[in-house]
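# Analysis of the macromolecular model
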Amino acid sequence: MTDPVARLQAAIQAENLLEMSRAARAMLATEVQLGADWAGVAGALLQAGDDFAALQAAGRLAEASPEHLEAWLWVAAVYTAMGDHANALKVFETQIKRFPEDVILRRRAGRALLELGRSAEAAAHFRQAVALSGGDEIAYEGLAQAHTFTPGDDVLAHMEQTRLNLPETALAEQRGVLAYAIAKAYEDVGEYDVSARRVTEGAAFYRETAPFDVENHEQAIAHLMKVYDPRFARSQDEAGLLDARPVFIVAPPAAGASWLARTLTAGEGVARLERYNSLFWMAASPLGDQRPEDIEHALSEAGDQSALAEVGRVYLRYAEERAGKAARIIDPSSLNEMSVGAAGLALPAARFIILTREPKDLAWAIFKRRFRKGRYWTYHLDDIARVTTQTHQLCERWRTLFADRILTVSYEALAADPGGEVKRIAEFAGVDAAAAASEAWLRADLFKTDPVGVHERAASRLPTVVAALERAGFSPD
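Cut-offs and rules
- Residues numbered from 1 in each chain as written.
- Predicted model: local features only at pLDDT ≥ 70, side-chain atom pairs only at ≥ 80, totals over all residues.
- Heavy atoms only, no water.
- Salt bridge = Lys/Arg side-chain N within 4 Å of Asp/Glu carboxyl O.
- Helix = DSSP H or I, 4+ residues; strand = E, 2+ residues; numbered from the N terminus.
- Buried < 20%, exposed > 50% of the residue type's maximum accessible area, 1.4 Å probe, protein only.
- Axes fitted to C-alpha atoms, helices over the stretch in contact; angles between N-to-C directions.
- Parallel < 35°, antiparallel > 145°, perpendicular 65-115°, else oblique.
- Left-handed = near helix turned anticlockwise from the far one by under 90°.
- Contact = heavy atoms within 4.5 Å.
- 1 Å grid on protein atoms, 1.4 Å probe; cavity = no way out; pocket = protein on both sides within 12 Å on 5 of 7 lines; lining within 4 Å.
- Points joined across faces, edges and corners; volume = space filled by probe spheres on them.
- Nonpolar A, V, L, I, M, F, W, Y, C, P; charged D, E, K, R; others polar.
- Pairing = 2+ DSSP bridges.
- Polar contact = N/O pair within 3.5 Å; in protein donor to acceptor, adjacent residues only side chain to side chain.
- Arc of directions from axis to C-beta.
- Phe/Tyr/Trp six-rings, centres within 6.5 Å; stacked < 30°, edge-to-face > 60°.
- Lys NZ or Arg CZ within 6 Å of the ring centre and 35° of its normal.

The subject of this paragraph is the pattern of salt bridges. Applying the stated criterion to the full structure yields 30 salt bridges. Between R457 and E187 there is a salt bridge, and its shortest N-O distance comes to 2.8 Å. Residue R457 is found in the loop between α24 (446–449) and α25 (462–471), and its partner E187 is found in helix α11 (residues 172–188); the two are separated by 270 residues along the sequence. Residue classification places R457 among the buried positions, given a relative accessible area of 17%. Put simply, R424 and E421 hold a salt bridge, and the shortest N to O gap is 2.6 Å. Residue R424 and its partner E421 are located together in helix α22 (residues 418–429), separated by three residues, close to a single helical turn. Taken together, the salt bridges that share partners define one network made up of R25, D50, E321 and R322.

See the structure below:
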């Protein structure tokens, strides 16, 4: 019998996400006692994309070490990854009673409250974290996001003073995070040129800690373009799993994917996965590098036992753990742009919504935001321009292959008529159009905080944005 621990280690070494999930789940099904090592299992499951099992592993860790704060932080981290911010908050609040002066707990409680739309309560936790730490940059970042700044704001003055007082030994990441927080404050008060300078400063600092190989990314896109060529444009219903529940949202950052996913789930019988989920990516692991000959072979295996049908089946099995028996599953994963080819063949009844945004607006909206998870290409305008150009070209390919199953929607159209545009999208997706349209109007503040024409806030940095887009092949006008 294979040692479950050795099986997991072998899967990690092979970078086989699906096998990592299966091996870790096999461990959870046994009585194995790992103690503090359950943290490693939870981490492997999060890496694989299996948040549901990661929660069980984190629970085992908390059972083994109930007095250790780190164990409960793992539990809360998994809840957060699953988008269950209410349960994450319960964990934080319980632990704050034990450790009222813990800065990390205060920051994370504030973040959970922000996600739940409780900004005033979030701000209170972030203020406490700032006070306890004497000027923690992550706490200031959260406070900046929970707070709307006005001219002469004391919080802005304190952040600027903290920036000036940073010691020479301060890490580049610390400086970068604080610069982004200050940029948000200046944007609130309408000092866009100062804000743009702080954004540029923050990106430069943060880029030192987050290198990105844009050429490797372009090679990955080129590989997908080579694999999924027009030979697959015809219907392949016989090779995949016929199931109409999945609706995939395909969008770059700052184009409204999470907003749209929330509006489409306003009615009954509709479930939503999180933006950072990677369930399909994990399920597609058996396709390996997805070489053209591999896909052609999979397509030749018509029937329920085909490799593509199994990918669809595995994806839905994992999705059902989170979504239950919903009539529709809205999946806005940030990996969808790379997954449409495999998803389109594995799930021939699935539908896709592609979101677009005006290039200058998209570039600046991405650049002025610090992404707390991944997205290392977002700290250089040339990288942003190159990646978004490649994404645009890849989406053009998906539209060619799966035209009858794809609806393209612009951010500008959503901003102009949130209710009407979402009603049209909901009808395409097969969800309650009236409920979705009403929810869209309730959530329309997004288009005030991140408006059409946001590139004008780049101020003196706008020529740099335009030049980067031109170098990448976009025509900004």
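Further notes follow.
Close contact between helix α2 (residues 17–28) and helix α4 (residues 51–64) brings their axes to 10 Å; oriented N to C, the two are set at 40°. One element, α2, and the other, α4, form an angle in the oblique class. In this structure, the crossing between α2 and α4 has a hand that is left-handed. On the side of α2, the interface is formed by R25, M27 and L28, while α4 contributes F52, A53, Q56, A57 and R60.

On the secondary structure map, L287 appears in the loop between α15 (279–283) and α16 (292–300). For L287, a relative accessible area of 9% corresponds to the buried category. In the structure, L287 is positioned 55 residues away from A342 in sequence and 8.6 Å away in space, judged by C-alpha atoms. When near neighbours in sequence (up to four residues on either side) are disregarded, L287 contacts L308, V311 and A342.

This part takes up empty space enclosed by the protein. Enumeration over the complete set of coordinates arrives at one cavity of 30 Å³ or more. Volume-wise, the largest cavity comes out at about 30 Å³. Around the largest cavity, the lining residues are E187, Y192, S195, A196, V199, W364, K368 and R457. Among the elements that make up the lining of the largest cavity, the one with the highest residue count is helix α12 (residues 192–207) (four residues). Here the lining of the largest cavity is composed, by residue class, of four nonpolar, one polar and three charged.

We now examine the pairing of strand β4 (residues 351–356). Here strand β1 (residues 246–250) pairs with β4 via four bridges, running parallel. Of the residues in β4, the one forming a bridge with I249 is I353. Bridge count between β4 and strand β5 (residues 406–410): five bridges; the pairing is parallel. Counterpart to I353 in the pairing with β5 is L407.

The strand order across the open sheet formed by five strands is β2-β3-β1-β4-β5, and the pairing between neighbours is parallel. Two strands lie at the open edges of the sheet, namely β2 (270–272) and β5, each paired on one side alone. This sheet shows a mean twist of 20° between the axes of neighbouring strands, independent of strand direction. In the packing of α22 onto the sheet, the strands contacted are β1, β3 (328–331), β4 and β5, and the crossing angle to β5 comes to about 165°.

Let's shift gears to the environment of D331. Mapped onto the elements of the fold, D331 is located in strand β3. Along the sequence, D331 and L279 sit 52 residues apart, while their C-alpha atoms lie 9.3 Å from each other. Setting aside chain neighbours within four positions, we find D331 in contact with V247, F248, I249, L273, N277, Y315 and N336. Of the polar contacts made by the side chain of D331, one reaches the side chain of N277; its length is 2.9 Å. A polar side-chain atom of D331 sits 2.7 Å from a polar atom in the side chain of Y315.

Once that is clear, we can look at unusual backbone geometry. Despite not being glycine, E15 has its phi angle at roughly 55°, a positive value. Secondary-structure assignment places E15 in the loop between α1 (4–14) and α2. On the basis of relative accessibility, which here comes to 66%, the residue E15 falls in the exposed class. Despite not being glycine, A459 shows a phi value in the positive range, around 50°.

A few words now on α16. Listed as buried for α16 are P292, I295, A298 and L299. Buried residues of α16 fall within an arc of 125° about the axis and therefore sit on the same side. Looking at the buried residues of α16, the elements they touch are α13 (214–227), α17 (307–323) and α18 (336–346).

Axis angle and axis distance: for two packed helices, these are the angle between their axes and the distance between the axes, and together they describe the pair. Close contact between helix α8 (residues 119–133) and helix α9 (residues 137–146) brings their axes to 8 Å; oriented N to C, the two are set at 155°. Taken together, the axis directions place α8 and α9 in an arrangement best described as roughly antiparallel. α9 is crossed by α8, and the crossing has left-handed handedness. Contacts between α8 and α9 involve S119, A122, A123, F126, R127, A129 and V130 from the first element and A139, Y140, G142, L143 and A146 from the second. For the contact of α8 with α9, a count of residues per class yields nine nonpolar, two polar and one charged.

When you tally the buried positions in β1, you get five out of five residues, the bulk of the element. Neither face of β1 is open: one carries P246, F248 and V250, the other V247 and I249, and all of them are buried. Across three bridges, the pairing between β1 and β3 is parallel. Bridge pairing in β3 places F248 opposite D331.

Using the criterion set out here, one finds eleven aromatic pairs in the structure. Where W259 meets F447, the ring centres are 5.0 Å apart and the plane angle is 75°; that geometry is what we call edge-to-face. Of the two residues, W259 sits in helix α14 (residues 257–264) while F447 sits in helix α24, which places them 188 residues apart along the sequence. The exposure classification of W259 matches that of F447, with both residues buried. Following the ring pairs from residue to residue traces out a cluster consisting of F248, F280, Y315, F352 and F402. One Lys or Arg, R351, reaches over the ring of F428 and ends 4.9 Å from the middle of that ring. One Lys or Arg, R357, reaches over the ring of Y411 and ends 3.8 Å from the middle of that ring.

Don't take any of this as a statement about function, it's just geometry.
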